[in-house]
Amino acid sequence: MTHPGTLVLIMAAAVLAPLLVYATRRRFPVPLVIFEIALGILIGPDVLGWAEPDQVVDTLADLGLSMLIFLAGYEIDFAAVRGDTLRRSLGAWLISLASGIALGFLISGGDTFKAFVIGTALTSTALGTVLPMLRDRGELKGRFGTVMTAVGAVGEFGPVVAIALLLSGRRPAESAALLAAFGAIAAVAVFWALRPRPPWFGRLTERTLHSSGQFAVRFVMLLLACMLGLAEAFGLDVLLGAFAAGVVTRLVLRRAAPASSDQVLGKVEAMGFGFLVPLFYVVTGIEFDLAALLDNVADLMVVPLFLLLFLLVRGVPVHVLAPKDLGRPDRTGLALFASTCLPLVVAITTIGVDQKILASNEAASMVGAAMLSVLILPWIAGRVRSESARPDTAGRADSPSAAAESEAW
């Protein structure tokens, strides 16, 4: 099937997914991303065989992943997550990385690069998936939301850096030098973003906000393209550039056009969550190797094992090093949310398969476990936290049903 037909099917799946969320919200709240991936599997080659991605669709899916990581970078308020909270989050992730790679060596039988792939995937947190859930519940601005943002930011940024260092195919010293050079340029970009913008920038943003000019949206897309191109030029993973672009964009818009920044973000989110991001998830389902997973009972049995490893490697250090002012239910919820993963697991295992480090059935087992993490862990976290009074509930949605009807759920 040519790409126009496949693209129509993908967008039809993207439209159907929120309808299914709405239809099932009262019985069991299923995250939107699960329906998107499941519908991709359904129309993909292993089930109905209707959709077959080509270069155009794959390029759009790559843009969707970049947009997802960009929006995750934009969500991070470094002024709120710095200090002890950030140090604890970083310490927990480093423990996760060390234990993940150690387990990776055991699982891979001593294969260094396979251990890096498995270990790095075990340390990721789906910040772009978790934050919309907290935002839709009105908890993002509270203490729990701030801590979760810090934990998730490190869980997104850390694996991206680890990918650049460990899975680039170069010597570690060379990768570290290139990463340092990219970091220096990104730091210059942050310094530039913190400087006051000329008055015309804000005025032009206001004047074109509801016109065909859309200056601010075009400027945001330029920043994203520049950071993606810079990462590509340095031979680093483009996810690093997407994340850095999100951070820089937030600083620029909040300083140059504070009154319009939320509206500009809304337009970018509409482009991302309305088109590119669901396309990425549906294509992930289409390319999911269901046959390889089902052909071998052992591979299927490994799925819950990997889910347990996500909890042990990522969740336990987060629980242990969580800020002391959080109660036990919040610490448990934090660990469960931190263990929720999918986008980077997909990205990392895709790199592993492309470099012939992982077999397709191994990648399918890890992605299957990541899908279960998105389906199960946030739901358990919500149930655990709902059993105790929380100081940040004042900002929540009016009722549980409001959260259940949100796009994230």
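Here, every reference points to the structure presented above.
Now for a quick tour of the structure. It should be emphasised that the depicted structure is a prediction, and the values quoted were computed from it without experimental measurement. (Residues numbered from 1 in each chain as written. Predicted model: local features only at pLDDT ≥ 70, side-chain atom pairs only at ≥ 80, totals over all residues. Heavy atoms only, no water.)

### As for the overall build of the protein chain
Then comes step 1: Looking only at helices and strands, one finds 19 helices and zero strands in the protein chain.
Then comes step 2: Burial status across the protein chain gives 54% buried among its 409 residues.
Then comes step 3: Looking at the protein chain as shown, the accessible area adds up to about 17400 Å², and 66% of this sits on carbon and sulfur atoms. (Helix = DSSP H or I, 4+ residues; strand = E, 2+ residues; numbered from the N terminus. Buried < 20%, exposed > 50% of the residue type's maximum accessible area, 1.4 Å probe, protein only. Areas by Shrake-Rupley, 256 points an atom, 1.4 Å probe, with all protein chains shown as cover.)

### Side note on unusual backbone geometry
Then comes step 1: The phi torsion at Gln214 lies on the positive side, around 45°, for a residue other than glycine.
Then comes step 2: Residue position: Gln214 is located in the loop between α10 (199-208) and α11 (215-233).

### Examining the nonpolar core
Then comes step 1: Grouped together as the largest cluster of nonpolar side chains are 114 residues, with contacts concentrated most on Phe70, Phe182, Leu334 and Leu342.
Then comes step 2: Apart from residues lying up to four places away in sequence, Leu342 is in contact with Val33, Ile37, Ala126, Tyr281, Val367, Ala370, Met371 and Val374.
Then comes step 3: In this structure, Ala189, Phe219, Val248 and Ala256 belong to the second largest nonpolar core, which totals eight residues. (Core = buried A, V, L, I, M, F, W, Y, C linked by side-chain atoms within 4.5 Å. Contact = heavy atoms within 4.5 Å.)

### Focus on the packing of aromatic side chains
Then comes step 1: Per the counting criterion, the structure on display carries eight aromatic pairs.
Then comes step 2: Between Phe201 and Phe215, the ring centres sit 5.2 Å apart and the planes meet at 75°, which makes this aromatic pair edge-to-face. In this pair, Phe201 sits in helix α10 while Phe215 sits in helix α11, placing the two residues 14 residues apart along the sequence.
Then comes step 3: Phe201 gets classed as buried once you look at its relative accessible area, which sits at 3%.
Then comes step 4: Relative to Tyr281, the ring of Phe280 has its centre 5.1 Å away and its plane inclined at 50°; by these criteria the two rings are tilted.
Then comes step 5: A relative accessible area of 6% places Phe280 in the buried class.
Then comes step 6: Relative accessible area serves as the criterion here: at 4%, Tyr281 is assigned to the buried category.
Then comes step 7: An aromatic cluster is built from Trp200, Phe201, Phe215 and Phe219, whose rings are joined through pairwise contacts.
Then comes step 8: Taking the ring centre of Tyr74 as reference, the NZ or CZ of Arg250 above it sits at 5.9 Å. (Phe/Tyr/Trp six-rings, centres within 6.5 Å; stacked < 30°, edge-to-face > 60°. Lys NZ or Arg CZ within 6 Å of the ring centre and 35° of its normal.)

### Comments concerning the packing of α11 against helix α12 (residues 238-256)
Then comes step 1: Axis separation between α11 and α12 bottoms out at 8 Å; the angle between their running directions is 145°. As for how α11 packs across α12, the hand of that crossing is right-handed. Across the interface between the two elements, Phe219, Val220, Leu223, Leu224, Met227, Leu228, Ala231 and Glu232 from α11 touch Val238, Gly241, Ala242, Ala244, Ala245, Val248, Thr249, Val252 and Leu253 from α12.
Then comes step 2: Partitioning the contact of α11 with α12 into residue classes produces 14 nonpolar, two polar and one charged. (Axes fitted to C-alpha atoms, helices over the stretch in contact; angles between N-to-C directions. Left-handed = near helix turned anticlockwise from the far one by under 90°. Nonpolar A, V, L, I, M, F, W, Y, C, P; charged D, E, K, R; others polar.)

### A few points about the environment of Phe306
Then comes step 1: You can see Phe306 is positioned in helix α15 (residues 297-321).
Then comes step 2: You can call Phe306 buried: its relative accessible area is 6%.
Then comes step 3: A sequence separation of 61 residues divides Phe306 from Val367, and the C-alpha atoms of the two residues are 9.3 Å apart.
Then comes step 4: Not counting the four nearest positions on each side in its chain, Phe306 is found in contact with Ile107, Ile118, Leu122, Ser365, Met366 and Ala369.

### Structural notes on helix α2 (residues 32-43)
It helps to recall that an α-helix has 3.6 residues per turn; residues three or four apart then point in one direction.
Then comes step 1: The end-to-end C-alpha distance of α2, which contains 12 residues, comes to 17 Å, matching closely the 16 Å that a straight helix rising 1.5 Å per residue would cover.
Then comes step 2: The buried count for α2 comes to 10 of 12 residues, which makes it a mostly enclosed element.
Then comes step 3: Residues of α2 that are buried: Leu32, Val33, Ile34, Phe35, Glu36, Ile37, Leu39, Gly40, Ile41 and Ile43. (Expected span 1.5 Å × (residues − 1).)

### A few points about the environment of Pro53
Then comes step 1: Structurally, Pro53 is set in the loop between α2 and α3 (55-75).
Then comes step 2: C-alpha separation for the pair Pro53 and Ile286, spaced 233 residues apart in sequence, amounts to 7.7 Å.
Then comes step 3: If sequence neighbours within four positions are ignored, Pro53 has contacts with Thr6, Asp58, Val283, Ile286 and Glu287.

### Quick word on the pattern of salt bridges
Then comes step 1: Applying the stated rule across the entire model yields three salt bridges.
Then comes step 2: Glu362 is the partner of Lys114 in a salt bridge, and the nearest nitrogen-oxygen pair spans 3.2 Å. Of this pair, Lys114 sits in helix α6 (residues 112-121) while Glu362 sits in helix α18 (residues 360-386), and the two are 248 residues apart along the sequence.
Then comes step 3: Note on Glu362: relative accessible area 27%, which makes it partly exposed.
Then comes step 4: Taking the shortest distance from any N to any O, the salt bridge between Arg143 and Asp325 comes out at 2.8 Å. One end of the pair, Arg143, is in helix α8 (residues 143-166); the other, Asp325, is in the loop between α15 and α16 (328-338), with 182 residues separating them in the sequence. (Salt bridge = Lys/Arg side-chain N within 4 Å of Asp/Glu carboxyl O.)

### Overview of a nonpolar patch on the surface
Then comes step 1: A surface patch of nonpolar side chains, about 430 Å² in accessible area, is lined by Leu305, Leu308, Leu312, Val316 and Val320.
Then comes step 2: Counting through the fold element by element, Val320 comes out in helix α15.
Then comes step 3: For Val320, a relative accessible area of 55% gives the class exposed. (Patch = residues over 30% accessible without salt bridge, like charges linked within 9 Å, V, L, I, M, F, W, Y side chains within 5 Å.)

### Section: the packing of α16 against α18
Then comes step 1: At a minimum axis separation of 8 Å, α16 and α18 run at an interaxial angle of 175°. Between α16 and α18, the angle falls in the class roughly antiparallel. On the side of α16, the interface is formed by Pro329, Asp330, Thr332, Gly333, Leu336 and Phe337, while α18 contributes Leu377, Pro378, Ile380, Ala381, Val384 and Arg385.
Then comes step 2: Looking at the contact of α16 with α18 residue by residue, the classes come out as eight nonpolar, two polar and two charged. (Parallel < 35°, antiparallel > 145°, perpendicular 65-115°, else oblique.)

### What about α18?
Then comes step 1: Helix length check: α18 (27 residues) gives 39 Å between terminal C-alpha atoms against 39 Å at 1.5 Å per residue, within 8%.
Then comes step 2: If you look at α18, its biggest bend is around 30°, right at Ser373. (Bend = angle between axes of the 7 residues up to and from the residue.)

### As for the side chain of Arg331
Then comes step 1: Among the secondary structure elements, Arg331 is positioned in helix α16.
Then comes step 2: It turns out Arg331 is buried and unbridged, and the closest side chain with the opposite charge, Asp325, is 7.1 Å from it.
Then comes step 3: Not counting chain neighbours up to four residues away, the residues in contact with Arg331 comprise His319, Val320, Ala322, Pro323, Lys324 and Leu326. (Lys, Arg positive; Asp, Glu negative; His and termini not counted.)

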